[in-house]
Amino acid sequence: MGEIIWDAFPETVGSAFEENYRRARELAEEVSFECFFEPLCAWYEVHASPISSGGLGVWFRNINERRKQLAALTAAEERLRLAAKATRDLIFDWDIGSGRLQFQDSYDTFLGYARNDLGGDIEMFMALVHPDDRDRLRSDIRQAISGDGNHLVCDCRLASKDGRYADVIIRAFLARDEEGSATRLVGAVEDNTERNAAIRALRDREAHLSSVFGQAMVGIMHCAPDGHMLMVNRRFCEILGRSADELRGLDFTDFTHPEDLSWNVPLHRAKKAAGESFQIEKRYVRGDGSIVWCEVSVSFLRTDDGRPPSCIVVAQDISARKSAEEALGNQSDLLQTVVDSVQDLIFAKDCEGRFVLTNKALTDSCGDLLGIRTIDRFPAKFTDIYESVDEEVIRSGAPKTVEEIIPVGGRERFFETVKVPWVERGQTVGVIGVSRDITDNKANAIALRKSELLYRSVLEASADSIEILDLDGNIVIANSSSLAATDVRSLDQIRGKAWLANWPDSSREKAKDALAKARNGRVSRFSAYSQDSEQSLRWWDVVVSPMCDEDGSITGILSVSRDTTFQREASAKLKWASEHDELTGLPNRRAFQNHLQAATLRAMNSGGSIGLLLIDLDHFKHVNDTLGHTAGDHLLRIFGERLKQCSRVNDLIARLGGDEFAVLIEGPDDRIDLAGAGAAILSRLQEPVEFGGRALGISASLGGAVYPKDAMSANELFENADIALYALKGSGRGGTRMFEPSMRARTQIVSSQLSLARASIMDRTIEPYYQPKVDLRTGQIAGFEALLRWHHSSRGIQLPGSVAEAFKDYELASKISERIQQKVFADVKAWLTKDVAFGRVSINAAPVEFLRDDFSERMIDRMRALNVPPHLIELEVTENVFVESGSTFVERALQKLHEFGVKIALDDFGTGYSSLSHLRDFPVDVVKIDRSFVRGMIDNSEMMAIVSAVIHLAASLKIEAVAEGVETEDQMCLLAREGCPLGQGYFFGEAIEASQVAERLGRGPGWASSWVAARTIQA
């Protein structure tokens, strides 16, 4: 303190510090500067400012670290400048604010320009961009600058010095200031011309291959040497019933039928060793376990380098010989991808071989290399080459270009590397390198050769006749199948000849039209025939399609023809089978309906008449149940034969299905004796049928109607004959009943009930009413049964009996059930919300609702939609569901609901088809004693015994018993004494609306005195 600054720090005399210090004193102004302060051996940022009391205030801030960073940045820029020299890419630096654009020197700019040729602003550079790409490039640059990202990657075309355009990729980095605004755009322009040309050549070849694969009518698979799938078309996937992803990783033994493996595998091995193609018929196992027969052709492909052969497998589904003809649409699924371009790897190494600079591409590919040598990371077989080239470049001072292998992600890839000396202050301090991945270029060349080999092999492996035509329709290429179809031995015999000449005059117009469509870019398909050398007709299914290059230009025409002669013959047989009953050989329902319509039209036009008899075998089900279906089938065959024997030649005899037959008689006038024909049939049928040493009696019921006496249309004639048959069966089986208008009354009742049911569904007038179920032990309401009610516009509330026929119709019954369930579940949800203790609610289901196997799923979905606890719901079914149509679905539905938590109740127990096996075989939680037993148990000891037995049986099986139809106090007391847990009936109250349930529960039982009496008796 107190010393003169120059005496204290003599090292500062004559320095920048003294100069600026004295200037601040003399001018009395604030001065800021940077200088090296010798006393402290450090760089400082100095602020000198006059102070009011005289003198100067001097502030020092150490900036050593900043100066080091600046020096490092300068060195890095110099290294990057040298790296730019090592690559043929065009390196640029655009100052966005000033608009100045600079280009770095390089050894050989691929565009042919010198540095000064490219100008100094962005607009001069934009002038080199292809006019079609210019707006897009400007847009990409604007979006990059205005966005918040730091990278720009785009492709375009640039004009080279010789006037041609080169394909390029521009990769650039955006520098931003502290506010995020873009200040500089630095990047490289990379030549992409050769790679794009190679890719286009490969795509052109693949386009031809894709056309063949896409139109192939057979399954085609390309397999690796180990038998695993490489490529498969959609048709093969369809044949095997598996997706391409499912087939990937499998070999042919995984989906070959086990019984075919013993001979198929040795044959495949032997043919593979010999390189011989072969053709076999074998069985494949589809994904769902079903079997498909195929004609399989296998061809082996040997690679240029002598590696084991892969193979082409062509499969044709020949199961169609035994089933309906199917239209086989084949789509190609070529599994070939094009390798994307890879950024160059840029690095700098010192003279000791340590990496001092790596770019992101190199780090991503090989990991963090900074500070280590190549021998620390890569195998010796590679590093010897790397380091020998490094030493040569450092020693000679000249750049060198080499092709080398670099492991990337565990895989060896080929790179073209340019290395240049790294020079600082005239001394070589290391090497700078740029490596460009050329693996894809090599792979593309190999893939192109493989593609050509596969292209030729697919043509020869196909069993279809394939021709490639020029745009004039002349044959250019034809496979062996095509040569065989045209009876020639060599392609030279037909090359250049018109394809149309292969077709006869009758088919030539179709073929000519197909060619015209293909020239216009459309695919067409037609069927035609030709004659072989033996003058035999051969039918063909022909697909003609255009072949296009990458730009969509049509370069040729592809014709694929499949021999469908056998399928046409099979189709004719199939048509006969589709119109006749397999068992009896008689026309089936479909053929009968067509014949009936045609006969009616003939009668209308000629004034003739038609008689129709509908025939049902009586008690046919009993024959099946007691003697088996073999006996039933025998009976049906004999019955069909006898019908033909007692009918005229021109009469139509048909089996409509099951045990239902029909006889159609045409006559010139209305004098058809239909009753006499029926009597003759019954007389012939009376003769017993021998089967298994037993004589089976046959009887039948016949219903008849005559056009135009009884009907005015074919449908009405059939309907009236059915009404007559229905009326006969309703009054007792056997005999013949002719239609009478009065028979329609019953039909009208049925129709009326069905109409009312449809109206109630459409008008949404269906509502559940709730009848209480009472605990006979406590007298409290234990739950409710939801009963169907619906509102008629003029008659008011209606009972279920008014729409009883609806419960025999699946659609109507299901819609009514859906409405009731939705209402009940909504009511239950509302009661739960209001904490109403309502017990358990039971819902009824008609037997017809189980005709489809989704009853349980639909009911569960409705409960889940409203979050209704399943233990609060009970499903009531009658025992009829176990014996009627659809009973096969009942057990699964009840079991699924039971497992979900819904209680199962067996309604009307003791009537109808009662069987204790139902309690054993089905998940029954509740039995409901039918009201007929409850009503009669007071005066009938046998009924009382039945009621008592059911109550005690249910108790022993831990099944809840409910007595229905309790209408008197005596009934209630007697049931309570017998130990029946629950009762239900008018004695406890009528069914009420949902809005009254809470009030009824809160009011208490009106039968309290009776319940007390019952408990006293029971005690």
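In this report, we go over the structure that sits alongside the text. Predicted model, so just to flag it, every value in this text is computed and none were measured.

Quick look at the overall build of the protein
When you go through the protein residue by residue, the secondary structure sums to 30 helices and 39 strands. Split into buried and exposed, the 1019 residues of the protein put 45% on the buried side. Looking at the protein alone, contacts between residues at least 24 apart form 55% of all its contacts between residues at least 6 apart. As presented, the protein carries roughly 51600 Å² of accessible surface, and 50% of it is formed by carbon and sulfur atoms.

Here we look at the environment of E969
As for its placement among the helices and strands, E969 is situated in helix α28 (residues 969–977). Classification of E969 by relative accessible area gives partly exposed; the value is 37%. Note: C-alpha distance between E969 and F988 (19 residues apart in sequence) is 9.7 Å.

Notes on the sheet that holds strand β24 (residues 609–617)
The strand order across the open sheet built from 5 strands is β25-β26-β24-β29-β30, with neighbouring strands paired in mixed fashion. Each edge of the open sheet is held by one strand with a lone partner, namely β25 (652–657) and β30 (735–738). Here the strands of the sheet are splayed against their neighbours by 20 degrees on average, with no regard to which way each runs. Bridge analysis of β24 against strand β29 (residues 700–707) gives 8 bridges, and the strand direction is antiparallel. Bridged to L614 within β29 is G703.

Side note on the nonpolar core
L875, V927 and L975 are the most contacted members of the largest nonpolar core, which totals 73 residues. Counting residues per element, this core draws most heavily on helix α22 (residues 810–833), which supplies 7 residues. Those residues within four positions of V927 in sequence are excluded, and the remaining contacts are L906, F909, L919, V950, A954, I959, E960, A961 and V962.

So, the environment of I749
Take I749: it is sitting in helix α21 (residues 744–762). Judged by relative accessible area, I749 falls into the partly exposed class, the value being 43%. In the structure, I749 is positioned 54 residues away from V803 in sequence and 9.9 Å away in space, judged by C-alpha atoms.

Points about the sheet that holds strand β19 (residues 465–469)
Pairing in this open sheet of 5 strands is antiparallel, and the strands run β20-β19-β23-β22-β21 from one edge to the other. Each end of this open sheet is capped by a strand with a single partner; those strands are β20 (475–478) and β21 (524–531). Within the sheet, the average angular offset between the axes of one strand and its neighbour, ignoring direction, is 30 degrees. Pairing geometry for strand β22 (residues 537–548) and strand β23 (residues 554–563), over 9 bridges, is antiparallel. Looking at β23, one finds that W540 is bridged to D563. Along the sheet, helix α14 (residues 505–519) makes contact with β19, β21, β22 and β23, crossing β21 at roughly 145 degrees.

Concerning the side chain of D925
Assignment of secondary structure puts D925 in the loop between α25 (916–921) and β37 (926–929). One buried charge, D925, has no salt-bridge partner; the nearest side chain with opposite charge is K903, at 4.6 Å. Here D925 is in contact with H898, V902, K903, I904, I959 and E960, once residues within four sequence places are set aside.

Comments concerning the environment of F620
Mapped onto the secondary structure, F620 falls in helix α17 (residues 620–627). If we skip the residues at most four places from it in the chain, F620 touches G632, L635, L636 and D659.

Quick notes on the pairing of strand β35 (residues 873–878)
In the case of a regular strand, side chains alternate between the two sheet surfaces. A large share of β35 lies buried, amounting to 6 of its 6 residues. Side chains of β35 alternate between two faces, with I873, L875 and V877 and E874, E876 and T878 buried alike. Where strand β34 (residues 840–844) and β35 come together, 4 bridges link them in parallel fashion. Counted as the bridge partner of S842 is E874 from β35. Traced from β34 through helix α23 (residues 855–865) to β35, the parallel crossover comes out right-handed. Pairing between β35 and strand β36 (residues 903–909): 5 bridges, direction parallel.

About the thresholds
- Residues numbered from 1 in each chain as written.
- Predicted model: local features only at pLDDT ≥ 70, side-chain atom pairs only at ≥ 80, totals over all residues.
- Heavy atoms only, no water.
- Helix = DSSP H or I, 4+ residues; strand = E, 2+ residues; numbered from the N terminus.
- Buried < 20%, exposed > 50% of the residue type's maximum accessible area, 1.4 Å probe, protein only.
- Contact = heavy atoms within 4.5 Å.
- Areas by Shrake-Rupley, 256 points an atom, 1.4 Å probe, with all protein chains shown as cover.
- Pairing = 2+ DSSP bridges.
- Axes fitted to C-alpha atoms, helices over the stretch in contact; angles between N-to-C directions.
- Core = buried A, V, L, I, M, F, W, Y, C linked by side-chain atoms within 4.5 Å.
- Lys, Arg positive; Asp, Glu negative; His and termini not counted.
- Salt bridge = Lys/Arg side-chain N within 4 Å of Asp/Glu carboxyl O.
- Right-handed = clockwise from strand over helix to strand, strands pointing away.

Everything listed here is a matter of coordinates, which is why it stays silent on function.
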